[in-house]
Amino acid sequence: VVGDTNRLDGEAPDPEWRCWRVQQELDTDVDTVSRIIMDIDNMYRWNPALTHTKVLEKLDEKTFLSYQITEGRRPIVQPRDFVFVCREERRGEDWLAGGCSVVSARHPPTDRCVRAWQHPGVMVASPLPAKSRTLFTWILQCDFGGLLPTTILNIALPYAVKLFCNSLKSEVKKRSGNK
């Protein structure tokens, strides 16, 4: 897993602001990666950072609203929840899924979680020249909300991203029969 904190706008008003880019090569094809990631209702089964994932509404054939809850580390870190709109597309051989958090009157914050906010981001799966290999790229920026300082969250987010990538890699192996 390769990650960095390249700021995509050159400058930001908050010097602690981070936009993360992660890339990982996977031993499978683009379709398998997209099927695993877009199976939102079951993502919590293979991603240990999440305790609940659900598609709330299908807005059209390619766009949906989802809800996710992170595990948290009580009593220090409360679980976070997200209401996220996502659209997936194919562009040539590449698969893309982009989205961001939204406010939804039908899905208000609860007192069980801190409402977090994911700024616009994208996941891309692109075929590599080697047969059945994919380059997975994820660009994200997240505001976890709550009282934890940004410096602490900037340590926690790379851990969560690495956990996601390692879990995705394990799920790819599991589904392709490679132990």
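Up top is the structure.
Within any chain, residue numbers begin from 1 and follow the written order of that chain's sequence. Selection of residues for local features in this predicted model requires a pLDDT of at least 70, selection of side-chain atom pairs for listing and counting requires 80 or more, and totals for whole chains, interfaces and linings are taken over all residues. The side-chain figures draw on all heavy atoms in the structure; neither hydrogens nor water molecules are used.

Engineer: Can you explain the overall build of the chain? Please cite residues and give values.
Structural biologist: Strands are runs of DSSP state E lasting at least two residues, helices are runs of H or I lasting at least four, and both sets are numbered from the N terminus onward. For the chain, the count of helices and strands is three helices and eleven strands. Of the regular secondary structure in the chain, the N- to C-terminal order runs β-β-α-α-β-β-β-β-β-β-β-β-β-α. Across the chain, the fraction of contacts at a sequence separation of at least 24, relative to all contacts at a separation of at least 6, is 52%. Looking at the chain as shown, the accessible area adds up to about 10300 Å², and 54% of this sits on carbon and sulfur atoms. Only heavy atoms matter for contacts: two residues are in contact if any of them lie within 4.5 Å across the pair. Here the open area of atoms and residues is found with the Shrake-Rupley method and a 1.4 Å probe, where only the protein chains shown may cover a residue.

Engineer: Could you give an account of the packing of aromatic side chains, with specific residues and numbers?
Structural biologist: Ring pairs are drawn from Phe, Tyr and Trp, using the six-membered ring of Trp, whenever the two centres fall within 6.5 Å, and their geometry is named by plane angle: stacked under 30 degrees, edge-to-face over 60, tilted for the rest. Applying the stated criterion across every chain yields a total of three aromatic pairs. Relative to Phe 164, the ring of Phe 136 has its centre 6.2 Å away and its plane inclined at 35°; by these criteria the two rings are tilted. You can see Phe 136 sitting in strand β10 (residues 134–140) and its partner Phe 164 sitting in helix α3 (residues 150–176), a full 28 residues away along the chain. Exposed residues in this analysis have more than 50% of their type's maximum accessible area, buried residues have under 20%, and partly exposed residues fall in between, with area computed by a 1.4 Å probe over protein chains only. For Phe 164, a relative accessible area of 4% gives the class buried. With a centroid separation of 4.9 Å and 55° between ring planes, the pair formed by Trp 138 and Phe 164 is classed as tilted.

Engineer: Describe the side chain of Thr 70, listing the residues and the values that go with them.
Structural biologist: Turning to its location among the elements, Thr 70 is positioned in strand β4 (residues 63–70). Leave out the neighbours within four places in its chain, and Thr 70 touches Ala 49, Leu 50, Thr 51, Pro 79, Arg 80 and Phe 82.

Engineer: Provide a residue-level description of the layout of surface pockets, including the pertinent values.
Structural biologist: Definitions used for this entry: grid spacing 1 Å over protein atoms alone; cavity, a set of points where a 1.4 Å probe fits but cannot get out; pocket, an open set with protein on both sides within 12 Å along at least 5 of 7 lines; lining residue, one with an atom within 4 Å of a point. Grid points are joined across faces, edges and corners, and a volume is the space filled by probe spheres set on the points. Estimated volume of the largest pocket: approximately 880 Å³. As for the largest pocket, its lining consists of 45 residues, of which Ala 49, Thr 70, Phe 82, Phe 144 and Ala 160 are closest to the centre.

Engineer: Tell me about the packing of helix α1 (residues 30–38) against α3, and please be specific about residues and values.
Structural biologist: If you want to describe how two helices pack, look at the angle between their axes and the distance between the axes. For helices, the fitted axis covers only the stretch in contact; all axes are lines through C-alpha atoms, and the angles between them, taken along N-to-C directions, range from 0 to 180 degrees. It is the contact of α1 with α3, at a shortest axis distance of 11 Å, that shows an interaxial angle of 115°. The interaxial crossing formed by α1 with α3 has right-handed handedness. Across from Arg 35, Ile 36 and Ile 37 in α1, the residues of α3 making contact are Phe 164, Leu 168, Glu 171, Val 172 and Arg 175. Less than a right angle of anticlockwise turn of the near helix away from the far helix marks a crossing as left-handed, whereas a clockwise turn marks it as right-handed.

Engineer: If you had to explain the pattern of salt bridges to someone new, which residues and values would you point to?
Structural biologist: Salt bridges are identified by distance alone: a Lys or Arg side-chain nitrogen within 4 Å of an Asp or Glu carboxyl oxygen. Tallying each qualifying case throughout the model produces nine salt bridges. Measuring nitrogen to oxygen at the nearest pair gives 2.5 Å for the salt bridge that ties Asp 31 to Arg 90. Here Asp 31, found in helix α1, pairs with Arg 90, found in strand β5 (residues 80–91); they are 59 residues apart in sequence, far enough to count as distant. Its relative accessible area of 40% is what places Arg 90 among the partly exposed residues. For Glu 57, the salt bridge goes to Arg 106, with nearest N and O atoms at 3.3 Å. Of this pair, Glu 57 sits in strand β3 (residues 50–58) while Arg 106 sits in the loop between β6 (94–101) and β7 (114–115); the two residues are 49 residues apart in sequence, bridging distant segments of the chain.

Engineer: Pulling in residues and values, what's your account of the pairing of β5?
Structural biologist: The rule for pairing is simple: two strands pair if DSSP sees at least two bridges between them. In terms of strand pairing, β4 meets β5 through seven bridges, oriented antiparallel. Bridging across to β5, Ile 69 finds its partner in Asp 81. Where β5 and β7 come together, two bridges link them in parallel fashion. Residue Arg 80 lies in a different strand from β7, and its bridge partner there is Val 114.

Engineer: For empty space enclosed by the protein, give the residues involved together with the corresponding values.
Structural biologist: The tally for this structure, following the rule as stated, stands at one cavity of 30 Å³ or more. Size it by volume and the largest cavity reaches roughly 30 Å³. The wall of the largest cavity is formed by Leu 26, Asp 27, Lys 169, Val 172 and Lys 173. With three residues, α3 is the largest single contributor of residues to the lining of the largest cavity. A class-by-class count of the residues in the lining of the largest cavity yields two nonpolar, no polar and three charged. Note on residue classes: Ala, Val, Leu, Ile, Met, Phe, Trp, Tyr, Cys and Pro are nonpolar, Asp, Glu, Lys and Arg are charged, and everything else, Gly too, is polar.

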